[in-house]
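Inside the fold
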Amino acid sequence: MKFIKPVSNHWQPNDFDLTQSALASPILHITKTVCLLESRCDDYAEYLRAIFRDREARWNLAIDQWNAEECQHGVMLRQLSESVDSSFDFPSSMAHYEGIVSYHEPTGESVRGSVAAEMVSRCVVEALASTLYRVLADAITDPTAASVYSALAQDEARHFGMFLKMLETESENENVGMFGRVKFALQRMFELEDSQIIVASSVVAGRSKQAIRLRREANQYLGSLYSLYRWKHLRYAAKMLLHAVGIRPSRLPLNAATFVLWSGVRIRGWWANVASRILPP
Ligand SMILES: [Fe+2]
Ligand SMILES: [Fe+2]
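First things first, this report covers the structure right here in the doc.

Analysis parameters
- Residues numbered from 1 in each chain as written.
- Chains lettered and ligands numbered in written order.
- Predicted model: local features only at pLDDT ≥ 70, side-chain atom pairs only at ≥ 80, totals over all residues.
- Heavy atoms only, no water.
- Donors = N, O, S within 2.8 Å, 3.2 Å for Na, K, Ca; no water.
- Helix = DSSP H or I, 4+ residues; strand = E, 2+ residues; numbered from the N terminus.
- Buried < 20%, exposed > 50% of the residue type's maximum accessible area, 1.4 Å probe, protein only.
- Axes fitted to C-alpha atoms, helices over the stretch in contact; angles between N-to-C directions.
- Parallel < 35°, antiparallel > 145°, perpendicular 65-115°, else oblique.
- Left-handed = near helix turned anticlockwise from the far one by under 90°.
- Nonpolar A, V, L, I, M, F, W, Y, C, P; charged D, E, K, R; others polar.
- Contact = heavy atoms within 4.5 Å.
- Salt bridge = Lys/Arg side-chain N within 4 Å of Asp/Glu carboxyl O.
- Polar contact = N/O pair within 3.5 Å; in protein donor to acceptor, adjacent residues only side chain to side chain.
- Phe/Tyr/Trp six-rings, centres within 6.5 Å; stacked < 30°, edge-to-face > 60°.
- Lys NZ or Arg CZ within 6 Å of the ring centre and 35° of its normal.
- Tetrahedral: all angles 85-135°; square planar, octahedral: opposite > 155°, others 65-115°.

Let us look at the coordination of the iron ion (ligand 1). Within the protein, the atoms that donate to the iron ion (ligand 1) are Glu-38 (OE), Glu-38 (OE), Glu-70 (OE), His-73 (ND1) and Glu-156 (OE), at distances of 2.0 to 2.3 Å. The motif formed by the donor residues of the iron ion (ligand 1), counted along the single chain, is E-x31-E-x2-H-x82-E. Distance-wise, the iron ion (ligand 2) is placed 3.7 Å from the iron ion (ligand 1), both being coordinated by Glu-70. Taken together, the residues Glu-70 and His-73, both in helix H3 (residues 57-84) and 3 residues apart, mark about one turn of the helix. In this structure, Glu-70 and His-73 share a single accessibility class: buried.

Let us look at the packing of H3 against helix H6 (residues 143-171). Between H3 and H6, the shortest axis-to-axis distance is 11 Å and the interhelical angle comes to 160 degrees. Overall, the two elements H3 and H6 adopt an arrangement that is roughly antiparallel. Our pair here, H3 against H6, has a crossing hand that is left-handed. Class assignment for the residues of the contact of H3 with H6 results in 14 nonpolar, 4 polar and 7 charged.

Let's shift gears to the environment of His-29. Within the fold, His-29 resides in helix H1 (residues 25-38). Spatially, the C-alpha atom of His-29 lies 19 Å from that of Val-101, the residues being 72 residues apart in sequence. For His-29, the contacting residues outside a window of four places in its chain are Ser-201, Val-204, Ala-205, Arg-207 and Tyr-221.

A word on the pattern of salt bridges. In this structure the tally under the stated criterion is 15 salt bridges. Its salt-bridge partner being Lys-32, residue Asp-85 comes within 2.7 Å of it at the nearest N-O pair. In this pair, Asp-85 is assigned in the loop between H3 and helix H4 (90-100) and Lys-32 in helix H1, connecting sequence segments 53 residues apart. Like Lys-32, Asp-85 is buried.

Of all 10 residues in helix H8 (residues 195-204), 9 are buried; the element is thus mostly enclosed. By the burial criterion, the buried members of H8 are Gln-196, Ile-197, Ile-198, Val-199, Ala-200, Ser-201, Ser-202, Val-203 and Val-204. Tucked into the core, H8 has its buried residues touching H1, H4 and helix H9 (214-226). A side-chain oxygen of the first residue of H8 lies 3.1 Å from the backbone nitrogen of Gln-196; this N-cap is Asp-194. Gly-206 lies just past H8 and shows a positive phi near 75 degrees.

The next point concerns the side chain of Asn-219. Structurally, Asn-219 can be placed in helix H9. Among the polar contacts made by the side chain of Asn-219, one reaches the side chain of Arg-268 at a distance of 3.0 Å. Apart from residues lying up to four places away in sequence, Asn-219 is in contact with Arg-268, Trp-271, Ala-272, Ala-275, Ser-276 and Leu-279.

Turning next to the environment of Asp-42. Note that Asp-42 resides in helix H2 (residues 41-51). Residues Asp-42 and Cys-71 lie 29 residues apart in sequence; the distance between their C-alpha atoms is 7.5 Å. Setting aside its immediate chain neighbours within four residues, Asp-42 contacts Asn-67 and Cys-71.

Next up on the list: the packing of aromatic side chains. All told, the structure shown has 11 aromatic pairs when counted by the stated rule. Arranged with centres 4.8 Å apart and planes meeting at 65 degrees, the rings of Phe-3 and Trp-59 form a pair that is edge-to-face. Within this pair, whereas Phe-3 is found in the segment before H1, its partner Trp-59 is found in helix H3, the two being separated by 56 residues in sequence. On the basis of relative accessibility, which here comes to 2%, the residue Phe-3 falls in the buried class. A residue is classified by how much of its surface remains accessible, and Trp-59, at 3% relative accessible area, is buried. Taking the centre distance of 5.4 Å and the plane angle of 85 degrees together, the rings of Trp-66 and Phe-163 count as edge-to-face. With Trp-66 in helix H3 and Phe-163 in helix H6, this residue pair connects regions lying 97 residues apart in the sequence. Given a relative accessible area of 1%, Trp-66 falls into the buried group. Ring pairing ties together the aromatic residues Phe-3, Phe-52 and Trp-59, which thus form one cluster. For the cation-ring pair, Arg-55 lies above Trp-59, with the distance from its terminal atom to the ring centre recorded as 4.6 Å.

Note on the iron ion (ligand 2): its protein donors are Glu-70 (OE), Glu-126 (OE), Glu-156 (OE) and His-159 (ND1). The metal-donor distances range over 1.8 to 2.3 Å. Coordination geometry of the iron ion (ligand 2): the 4 donor atoms subtend angles of 89 to 133 degrees at the metal centre, consistent with an arrangement described as tetrahedral. Sequence positions of the donors to the iron ion (ligand 2) reduce to the motif E-x55-E-x29-E-x2-H. When its relative accessible area of 1% is taken as the criterion, Glu-126 is described as buried. Relative accessible area serves as the criterion here: at 1%, Glu-156 is assigned to the buried category.

Here it is in structure tokens:
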């Protein structure tokens, strides 16, 4: 059984005519930030290939396909950012970003402690990435840029399915129950404000030449991002996250999980905006 099905006519970056694209400044900023994150695709794949090096071929074949698609996301977001803002200097931004923030070493050991924990973590990342692209697609009026984000959202949902299958396969050997999965998922969600994302935000904003104030940068980034999330987006995220922790997303758990996510996003977004105004620059 394959972990991920190849798509016969997968989209290509040149399928989209971006010449007329326009994005509001906060959306452009988020797009550039995510472009740097996606463009680190080879680091992520190298780390996972090292973990899977003793596994049967299908594990690394899946990572190869996933890797190619994530790199394509980086290319796509770069093209979109450059078409809207010709001053966006991707090569120097990327070099600067990689020089400041390192990714996990490909030692063959998961920094999460086990392969199952790593897969739960990956499921969370893919679920939240898919949700983010849906949020961006819904936040803009430009139909071409919206179709770019929608294509990315679909890919991330497929990646979620791939890591979920890997998690289920791994669970046959490694017993990780619901509470363990919830713990790993929460740990990964709390890392959303770590330096990987926040430094990328400061680099594309041109605020990384001096010492980066991570908390201030996080407040600026999350304040504008979280204001775009609606109930339907968090319901979509909650459905995938429940699958990842082994809970069937029937009505009651889905409503409860959506409410928790919605409250978390509203409170964090509110605080980010308040803190950006009252804390010293
Ligand atoms: Fe991606
Ligand atoms: Fe992905």
